[in-house]
Amino acid sequence: MLALLLAFSLEAAIPPTPLAGDWVVDLSVRPDQPYFKGMSLRLEADGRVTGGFYDSEILAGRWKTSKGRTCASFRTTDGQGPYHTSVCQAADGLEGQTWAEHRNFVFLWRAKPATEEDRKAKWW
């Protein structure tokens, strides 16, 4: 019984992960041509990542907190091939990269927390 109570109190003391939530991902290549997409991340207690990014459901993903930061990796698709994304918390938001082997590119990007206005944007 004591072990069970201790487990519940430890679980309750775990703060929410800094990756969970809605994010505005800045995929701009040029400063004068803004290009944003929405990303929603849910970090499940069993280590899975669910949600969506770039108009695709997250098909498979995992997250972990280690060495003072929380990171996740997941896969989405454009219907032609997979996109592999890795993202970690940063001081002022998130930093990540997305690799599309079938399109021969890697995007390096940053994200900031989404606002209600962001969620109403056409690009969301």
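For clarity, every value in this text was computed on a predicted model and none was experimentally measured.

## Looking at the sheet that holds strand β6 (residues 69-77)
Item 1. Spatially, the 9 strands line up as an open sheet ordered β4-β3-β2-β1-β9-β8-β7-β6-β5, and their pairing is antiparallel. The strands lining the two open edges of the sheet, one partner per strand, are β4 (56-57) and β5 (60-66).
Item 2. Of the strand pairs in this sheet, strand β2 (residues 36-43) and strand β3 (residues 49-53) are connected by 5 bridges, and their pairing is antiparallel. If you follow Arg 42 over to β3, its bridge partner there is Thr 50.

## Digging into the confidence of the model for the protein
Item 1. Mean pLDDT for the protein: 88, with 86% of residues reaching 70 or above.
Item 2. Predicted confidence in the protein is weakest over helix α1 (residues 2-13), with a mean pLDDT of 44, and strongest over β3, with 97.
Item 3. Taken as a whole, residues 2-15 scores under 50 in pLDDT and shows 0 contacts with residues more than four places along the chain or in a different chain.

## A short note on the nonpolar core
Item 1. One finds Val 25, Met 39, Leu 41, Phe 74, Val 87, Leu 94 and Trp 109 to be the most contacted residues of the largest nonpolar core, which totals 16 residues.
Item 2. Of all the secondary-structure elements, those providing two or more residues to this core are β1 (21-26), β2, β3, β6 and β9 (105-113).
Item 3. It is β2 that contributes the most residues to this core, 3 residues altogether.
Item 4. Discounting residues that sit within four places of it in the chain, Val 25 has contacts with Tyr 35, Phe 36, Lys 37, Met 39, Phe 53, Trp 109, Arg 110 and Ala 111.

## Structural notes on a nonpolar patch on the surface
Item 1. A grouping of Trp 99, Val 106 and Leu 108 is seen on the molecular surface, where their side chains present a nonpolar patch of about 320 Å² in accessible area.
Item 2. Turning to its location among the elements, Trp 99 is positioned in strand β8 (residues 93-100).
Item 3. Relative accessible area serves as the criterion here: at 38%, Trp 99 is assigned to the partly exposed category.

Procedures and definitions
Residues numbered from 1 in each chain as written. Predicted model: local features only at pLDDT ≥ 70, side-chain atom pairs only at ≥ 80, totals over all residues. Heavy atoms only, no water. Pairing = 2+ DSSP bridges. Helix = DSSP H or I, 4+ residues; strand = E, 2+ residues; numbered from the N terminus. pLDDT = per-residue confidence, 0-100. Contact = heavy atoms within 4.5 Å. Core = buried A, V, L, I, M, F, W, Y, C linked by side-chain atoms within 4.5 Å. Buried < 20%, exposed > 50% of the residue type's maximum accessible area, 1.4 Å probe, protein only. Patch = residues over 30% accessible without salt bridge, like charges linked within 9 Å, V, L, I, M, F, W, Y side chains within 5 Å. Areas by Shrake-Rupley, 256 points an atom, 1.4 Å probe, with all protein chains shown as cover. Salt bridge = Lys/Arg side-chain N within 4 Å of Asp/Glu carboxyl O.

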